[in-house]
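Fold and geometry: a report
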Amino acid sequence: MSKPLSKEVGLITAASIVTGCVIGSGVFVKPGRVLAATGNSSLALWAWVLGAIITIAGGLTIAEVSTRIPKTGGIYVYVEEIYGRTAGFLCGWVLTLVYGPAVMSALALYFGSLLANFLHLTDPRAQITIAVTTTLFLSSLSIFGTRYAGALQAISTIAKLIPIFVIAIAGIFLGHEKITNVSSGLPVAAGMGAAVLATLWAYDGWVHVGTMAGEMKNPARDLPLAIILGLTLVAIAYLLVNISIFHILPAGDVASQNDRAAVVASERIFGGFGATLIQVGILISIFGCLNGNILATTRVPYAMGVRGDLPFSSWVGKTHPTLGTPYHAIMLQTVFALLMVFSGNPDLITDIGISAVYVFYVLSFAGIVKLRRDRVGEELTRYRTPLYPVVPLIAVVGGLYIIGSTVLNQPRYALYAFLLTLAGLPVHFVVQRRKAAAAPG
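Residues numbered from 1 in each chain as written. Predicted model: local features only at pLDDT ≥ 70, side-chain atom pairs only at ≥ 80, totals over all residues. Heavy atoms only, no water.

Next up on the list: the overall build of the protein chain. The helix and strand tally for the protein chain stands at 19 helices and zero strands. Scaling as 2.2 N^0.38, a compact globule of 441 residues should have a C-alpha radius of gyration of about 22 Å, and the protein chain matches this with 21 Å. Based on the C-alpha atoms only, the size of the protein chain along its principal axes is roughly 75 × 50 × 40 Å. Every one of the 441 residues in the protein chain was classed for burial, and the buried ones make up 57%. In the protein chain, the share of contacts with a sequence separation of at least 24, taken over all contacts with a separation of at least 6, comes to 83%. (Helix = DSSP H or I, 4+ residues; strand = E, 2+ residues; numbered from the N terminus. Rg over C-alpha atoms; globule rule 2.2 N^0.38 Å. Buried < 20%, exposed > 50% of the residue type's maximum accessible area, 1.4 Å probe, protein only. Contact = heavy atoms within 4.5 Å.)

We now examine the nonpolar core. Ile75, Trp206 and Tyr238 are the most contacted members of the largest nonpolar core, which totals 121 residues. Residue contributions to this core peak at 15 residues, all from helix H5 (residues 85-118). Not counting the four nearest positions on each side in its chain, isoleucine 75 is found in contact with Cys91, Leu95, Val207, Val357, Phe360, Tyr361 and Ser364. (Core = buried A, V, L, I, M, F, W, Y, C linked by side-chain atoms within 4.5 Å.)

A word on the side chain of asparagine 40. On the secondary structure map, asparagine 40 appears in the loop between helix H2 (26-38) and helix H3 (41-68). On the basis of relative accessible area, asparagine 40 is assigned to the buried category, the value being 14%. Reaching out from asparagine 40, the side chain makes a polar contact with the backbone nitrogen of leucine 43 at a distance of 3.2 Å. Non-local contacts of asparagine 40, meaning those with residues more than four positions away in its chain, are made with Leu35, Asn181 and Val182. (Polar contact = N/O pair within 3.5 Å; in protein donor to acceptor, adjacent residues only side chain to side chain.)

This part takes up the packing of helix H8 (residues 192-203) against helix H17 (residues 390-409). Here H8 crosses H17 at 110°, and the two axes come no closer than 11 Å. Between H8 and H17, the angle is such that the two are roughly perpendicular. As for the relative orientation of H8 and H17, their crossing is left-handed in sense. Along its contact with H8, which presents Gly193, Ala194, Val196, Leu197, Leu200 and Trp201, the element H17 presents Gly398, Tyr401, Ile402, Ser405 and Thr406. Its residues assigned to classes, the contact of H8 with H17 comprises seven nonpolar, four polar and no charged. (Axes fitted to C-alpha atoms, helices over the stretch in contact; angles between N-to-C directions. Parallel < 35°, antiparallel > 145°, perpendicular 65-115°, else oblique. Left-handed = near helix turned anticlockwise from the far one by under 90°. Nonpolar A, V, L, I, M, F, W, Y, C, P; charged D, E, K, R; others polar.)

Locating alanine 106 in the fold gives a position in helix H5. Between the alpha carbons of alanine 106 and alanine 337 there is a distance of 8.6 Å; along the sequence they are 231 residues apart.

Another point: the side chain of glutamine 333. Relative to the helices and strands, glutamine 333 is located in helix H15 (residues 327-343). Sequence-distant contacts of glutamine 333, that is, excluding residues within four places in its chain, are made with Leu95, Thr96, Gly100, Pro101, Met104, Thr297, Thr298 and Pro301.

With that settled, consider helix H11 (residues 261-270). Of the positions making up H11, those classed as buried are Ala261, Ala262, Val263, Val264, Ala265 and Ser266. Immediately downstream of H11, the backbone of glycine 271 shows phi near 75°, a positive value.

What follows deals with the pattern of salt bridges. Where charged atoms of side chains with opposite charge meet at close range, the side chains can pair. Under the definition given, this model contains 13 salt bridges. Across the pair arginine 68 and glutamate 64 runs a salt bridge whose closest N-O atoms are separated by 3.0 Å. In this pair, arginine 68 and glutamate 64 are both assigned in helix H3, four residues apart and thus about one turn of the helix distant. Each of Glu64, Arg68, Arg372, Arg375, Glu378 and Arg384 takes part in a single network of salt bridges with overlapping partners. (Salt bridge = Lys/Arg side-chain N within 4 Å of Asp/Glu carboxyl O.)

Both the distance between ring centres and the angle between the ring planes are used here to describe each pair of aromatic rings. Per the stated rule, a full pass over the model turns up six aromatic pairs. Following the ring pairs from residue to residue traces out a cluster consisting of Trp48, Tyr203 and Tyr238. Directly above the aromatic system of tyrosine 388 lies the positively charged group of arginine 372, at a separation of 3.9 Å from the ring centroid. (Phe/Tyr/Trp six-rings, centres within 6.5 Å; stacked < 30°, edge-to-face > 60°. Lys NZ or Arg CZ within 6 Å of the ring centre and 35° of its normal.)

Residues at a pLDDT of 70 or more form 92% of the protein chain, whose mean pLDDT is 83. By mean pLDDT, the top-scoring element of the protein chain is helix H4 (residues 75-83) (91), and the lowest-scoring one is helix H1 (residues 11-22) (74). (pLDDT = per-residue confidence, 0-100.)

Written out as structure tokens, the structure reads:
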């Protein structure tokens, strides 16, 4: 019999997972793209604000869902509890085989590429070697003990925030450019919709902390606080960095530099040291983001194994006999992630995975209505979503906006996401038939 999951995750670790899973490279590479899409600095800042509002609305909503269903597995469990086994399985299928490994592989490859450049390694195999080594190290740490990986998450989150706020504060006080209502000087091809969409991608990842509810010391109290505190910190950091960059560089330079805008702005203030600082900040951000995603996304296949929803459930649903960590689930997703690392195109897979998973985000947000109506988890809930039903409605509309934008702007990715999701149906029916045959009587 497997040892129960170790309950070692407190508020600080949970909040750092939220922050760490969201802040990767987006805070550094998105300002130029958002400005280029809007063509105006004020509109660009509003895009970040709107992205934060939609994201925080989702966080406030899912916080109540998570306290009513405080079980390991996150949105996979939420969707299953609210909409039934088939919908829950498809959500878990996407998270286990597509989204989770794709995010892990992409972050590992980004980290490998940046570290290879930072160390001036010219061997083309360096990126893959670093990506594989980093993934294996962090996965092993997560197997060895949640508290150790959680401690690393807390440290890396603090470390990544230091350069962010140094750049933000220095830019605000030392910059001289006008911040608001400045034209980029470039033709506006995308518009406000694409700008908000870009910020929502940058905010993605916060929902994963719910996958670890079963390992939290006090999920009913700490999970909503972690989501709210983590997202508020992220929103403040993103907005300050953008204001700082606009105060240092002319708007035209921000747009034309694209994903190098933060590096150029930092170099303008601190010289060569600034460029080094920003590179180190990005490396720490991606490293911490990868660690947070390994901690969080690997709990989905574990939860599916415990519930008997996978063909190999008895194996993947086991915890380590002495460490109490879901080591088989971690190994499973690590293998899938490493295969994607060697495939050479993680961006495509990641885009497809995000397109697929947002359907289940929306279902989770909307599910709060059914949970309240049926009074599910009423005795557990000390937290209730404020301004209900306005806040959940904002979350649902924001999620539908992402799905609609993907269908209109990237129909091929939307189609792939749809087909990969439906591919789970025959697997689900086979598993359910086996479970029914094995049931007594």
